[in-house]
Structure formats: structure tokens, C-alpha cells
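Spelled out, the chains give:
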Amino acid sequence: MISEDQLDQYRVDSTLLRVIRDVSPTNDVRGIVVAWDDETVLIRKKNRRVVKLARGYVYQPYENERPPAFMLPQETITPDDLSDDAE
């Protein structure tokens, strides 16, 4: 869970954040901290809509890369996996 001090620092600095909700990057929320309480954080998105999110999610500055632990597994294609359609 993100600390009060960290949230306050992000709010004061107007830091653009990435909120990682699951392993899919398309489900990330991008915005700035507006307010928070014991269980939730309000994030204002670029389109000025406000989203209420749980404090248990991962909050990080948007300029930082998404941690590999929160990425979808990347399957590598080996020559054995290729189909023999050319025959």
C-alpha cells in the first residue's frame, strides 16, 4: 500500500503517475493524485475525469518503465513451433 507521505509528494509535485492494476498494460491508469483516504486514491486523468482506485495498486511515476513483474509473459517462437505449411 502506498504511504501518505508518498501520495502527498506526488500531489504537491503534480507527478504524472501510472497505476498498475494487473499484468495488462492496457488496464493501467495514467493521471495525477487529487485526494485520498485510508482505502482509496482519486486520480485525475488527462480528460479531467476522476477515477477512484484502491490504495493497494502499484503507483509509480509514468516516466519509469513498467516493472517486469507486472508484465504479461512473452512467449518466444522457436523453429519447432513453426508450422510446416510450406510442404
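> Looking at this model, I keep getting lost on the environment of Arg 48. Mind explaining?
With respect to the helices and strands, the residue Arg 48 is situated in the loop between β3 (40-44) and β4 (50-54). Exposure remark for Arg 48: the relative accessible area of 72% places this residue in the exposed category. Expressed as a C-alpha distance, the spacing of Arg 48 and Gly 31, which sit 17 residues apart in the sequence, is 9.0 Å.

> Honestly, the pairing of β3 in this entry has me stumped. Any pointers?
Remark: a regular strand shows side chains that alternate across the two faces of the sheet. Note: strand β2 (residues 29-36) against β3, four bridges, orientation antiparallel. Looking at the pairing, Val 33 lines up with Ile 43 of β3. Linkage of β2 to β3, two consecutive antiparallel strands, is achieved through a turn of three residues. Relative to β4, β3 runs antiparallel, the two being bridged by five bridges. Along β4, the bridge assignment pairs Thr 40 with Ala 54. Counted along the chain from β3 to the antiparallel partner β4, the turn is five residues long, and its residue Arg 48 has a positive phi close to 70°.

> Please explain the sheet that holds β3 as it appears in this structure.
Sheet strands pair via backbone hydrogen bonds, and the direction of the pair is either parallel or antiparallel. One open sheet holds the five strands; their spatial order is β4-β3-β2-β1-β5, and the pairing between them is antiparallel. What marks the edges here is a single partner per strand, and that holds for β4 and β5 (58-61). The average undirected angle you get between the axes of adjacent strands in this sheet is 50°. Packed onto the sheet, helix α1 (residues 4-13) meets β1 (17-20), β2, β3 and β5 and runs at close to 110° relative to β2.

> In this structure, what is going on with the pattern of salt bridges? I would like to understand it.
Side chains bearing opposite charge may pair, as long as their charged atoms lie close to each other. Counted by the stated rule, this structure contains four salt bridges. Where Glu 4 meets Arg 55, a salt bridge forms, and the shortest distance between an N and an O atom there is 2.9 Å. Placement of Glu 4 in helix α1 and of Arg 55 in the loop between β4 and β5 is noted, with a sequence separation of 51 residues between them. According to the relative accessible area criterion, Glu 4 is partly exposed, its value standing at 38%. For Arg 18, the salt bridge goes to Asp 28, with nearest N and O atoms at 3.6 Å. A residue pair is termed long-range when its members are at least 10 positions apart, and Arg 18 in strand β1 and Asp 28 in the loop between β1 and β2 qualify at 10 residues. For the pair Arg 18 and Asp 28, a shared accessibility class is recorded, and that class is buried. Each of Arg 18, Asp 28 and Arg 66 takes part in a single network of salt bridges with overlapping partners.

What counts, and where the lines are drawn
Every chain begins its residue count from 1, and numbering advances along the sequence as written. With the structure being a predicted model, the display of local features is reserved for residues of pLDDT at least 70 and the display and counting of side-chain atom pairs for 80 or more, all residues being used for whole-chain, interface and lining totals. The side-chain figures draw on all heavy atoms in the structure; neither hydrogens nor water molecules are used. What counts as a helix is a DSSP run of H or I of at least four residues, what counts as a strand is a run of E of at least two, and both are numbered from the N terminus. Exposure is judged per residue with a 1.4 Å probe applied to protein chains only, and the accessible area is read against the type maximum: over 50% gives exposed, under 20% gives buried, and values in between give partly exposed. When DSSP finds two or more bridges between a pair of strands, those strands are recorded as paired. To obtain an axis, a line is fitted to C-alpha atoms, over the contacting stretch when the element is a helix, and the angle between two such axes runs from 0 to 180 degrees between their N-to-C directions. Note on contacts: a residue pair is in contact if any heavy atoms of the two residues lie within 4.5 Å. For this document, the term salt bridge refers to a Lys or Arg side-chain nitrogen within 4 Å of an Asp or Glu carboxyl oxygen.

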